[in-house]
Amino acid sequence: MKKMITAIPREILNDLQYNLIDVKLHQRNVLNRSDFILLNSYSSNEEKVEMLMELMRNKTEEDHENFLEIMEEDYSWLRDKCEIFFQKIRLDSLLKKSNSCTARSLSEKPESPEEKEQPETTEESDRSVQRSSSPDSCVILPGTDKENVPSLHVPPHNKKSENQVGPDMEIFNKKLDQAITSDMMTKVRRNHRVVKRWSTLAHALGMTRVVHTLRMRIIINGEDVDACVLHLLEEWKGTHPKEATLGRLVSALREDGFNDVADELVTTYAA
């Protein structure tokens, strides 16, 4: 496959599951019928995703926006990377057009000697600019005694208070180190914002690989969507028992903006 100017981010190739978004891309006309057939001719998911992103290079800005809206639903942690990728390829296209126009302009009209001349800045003016722009420089009015100019006194930083860790903080940290319980999982499960974007929480916990499996389990068992949150946390605790602590869960929730349920967990189990 031909290497393009802007490389596809590795996170997109690793985390994005093409089979979970292919129908939506087709329904929103981001992919036409020939694109759809081409992508499904590849066997591995990574090949499909790589070809998908290559096709997106030649899509319109409207197609890019539709793609990002689809990503927001299940892959919000990848959305920003996709958006940056689209911005870069549009910039590549603009630079290519600009260079092409410049080349034609130079071939039609040679550069005149006057256009090559650039005003020179003397060494003294450079030093003057540096002195005037220095943040440490100050202006003393005529007739002012330099010794009478008040100096800024910065009080010494008191490090003693920062280093003081009371017993309450030690108790708080110990509570954060406790393993997550079924009650904690239930509180997270009841938060509708987490339920709506549970796959984002999975990524924050390092459990992206189980997202597709959990979705299939919910469909097969006919469970409600909020069960995905419960199964995710149970899977996390089962595979990473030492890491599955209250503090780590709170950090992951805050990382994705679920501060309301994070505060509730801290207030209930660590305060």
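The protein chain carries the name Tumor necrosis factor receptor type 1-associated DEATH domain protein in an unreviewed UniProt entry, which gives Frankliniella fusca as its organism.

J.: Help me out: how do you make sense of the overall build of the protein chain in this one?
T.: Each helix and strand counted, the protein chain has 17 helices and zero strands in total. Partitioning the contacts of the protein chain with sequence separation of at least 6, the portion at a separation of at least 24 is 69%. Counting every atom, the protein chain has about 18,300 Å² of accessible surface; 51% of that belongs to carbon and sulfur.

J.: What should I look at first to understand helix H4 (residues 45-56) in this one?
T.: Residues spaced three or four apart along an α-helix face the same direction, because each turn holds 3.6 residues. With 12 residues, H4 should reach 16 Å at 1.5 Å per residue; the first-to-last C-alpha distance of 16 Å fits that figure. Taken residue by residue, H4 has Lys48, Val49, Met51, Leu52, Met53, Glu54, Leu55 and Met56 as its buried positions.

J.: Mind showing me how you'd approach a nonpolar patch on the surface here?
T.: A cluster of nonpolar side chains, contributed by Leu91, Leu94 and Leu95, occupies part of the molecular surface with about 300 Å² of accessible area. Tracing the backbone shows leucine 94 in helix H6 (residues 76-108).

J.: What's the story with the packing of aromatic side chains in this structure? I'm lost.
T.: Any aromatic ring pair is given by two values, namely how distant the centres are and how the planes are angled relative to each other. Evaluated as defined, the whole model comprises three aromatic pairs. Ring geometry for tyrosine 75 and tryptophan 77: centres 5.4 Å apart, planes at 55°, overall tilted. Just as tyrosine 75 is buried, tryptophan 77 falls in that class too. Ring pairing ties together the aromatic residues Phe67, Phe85 and Phe86, which thus form one cluster.

J.: Would you mind going over the environment of glutamate 83 with me for this structure?
T.: Summarising the element assignment, glutamate 83 is placed in helix H6. Overall, glutamate 83 belongs to the partly exposed group, its relative accessible area being 25%. With 19 residues separating them along the chain, glutamate 83 and histidine 64 place their C-alpha atoms 7.9 Å apart.

Reading the values: rules and limits
Sequence positions are assigned chain by chain, starting from 1 and proceeding in written order. Local features in this predicted model are restricted to residues whose pLDDT is 70 or higher, and side-chain atom pairs enter the listing and the counts only when it is 80 or higher, whereas totals over whole chains, interfaces and linings include all residues. Values reported for side chains reflect all heavy atoms of the structure, with hydrogen atoms and water molecules removed beforehand. Numbering of helices and strands runs from the N terminus; a helix is a DSSP stretch of H or I covering at least four residues, while a strand is a stretch of E covering at least two. Note on definitions: a residue-residue contact is assigned when non-hydrogen atoms from the two residues lie within 4.5 Å. Per-residue and other accessible areas were derived by the Shrake-Rupley procedure at a 1.4 Å probe size, with only the shown protein chains allowed to occlude residues. Every helix has an expected span of 1.5 Å times one less than the residues it contains. Each residue gets one of three labels from its accessible area relative to the maximum for its type: buried under 20%, exposed over 50%, partly exposed in between, using a 1.4 Å probe on protein chains only. Surface patches are defined over residues having more than 30% relative accessible area and no salt bridge, joining like charges when they lie within 9 Å and nonpolar side chains (Val, Leu, Ile, Met, Phe, Trp, Tyr) when within 5 Å. What counts as a salt bridge is simple: a side-chain nitrogen of Lys or Arg found within 4 Å of a carboxyl oxygen of Asp or Glu. Two rings belonging to Phe, Tyr or Trp (six-membered ring only in the last case) form a pair when the distance between their centres is within 6.5 Å. Interplanar angles under 30 degrees mark stacking, angles over 60 mark edge-to-face geometry, and anything in between is tilted.

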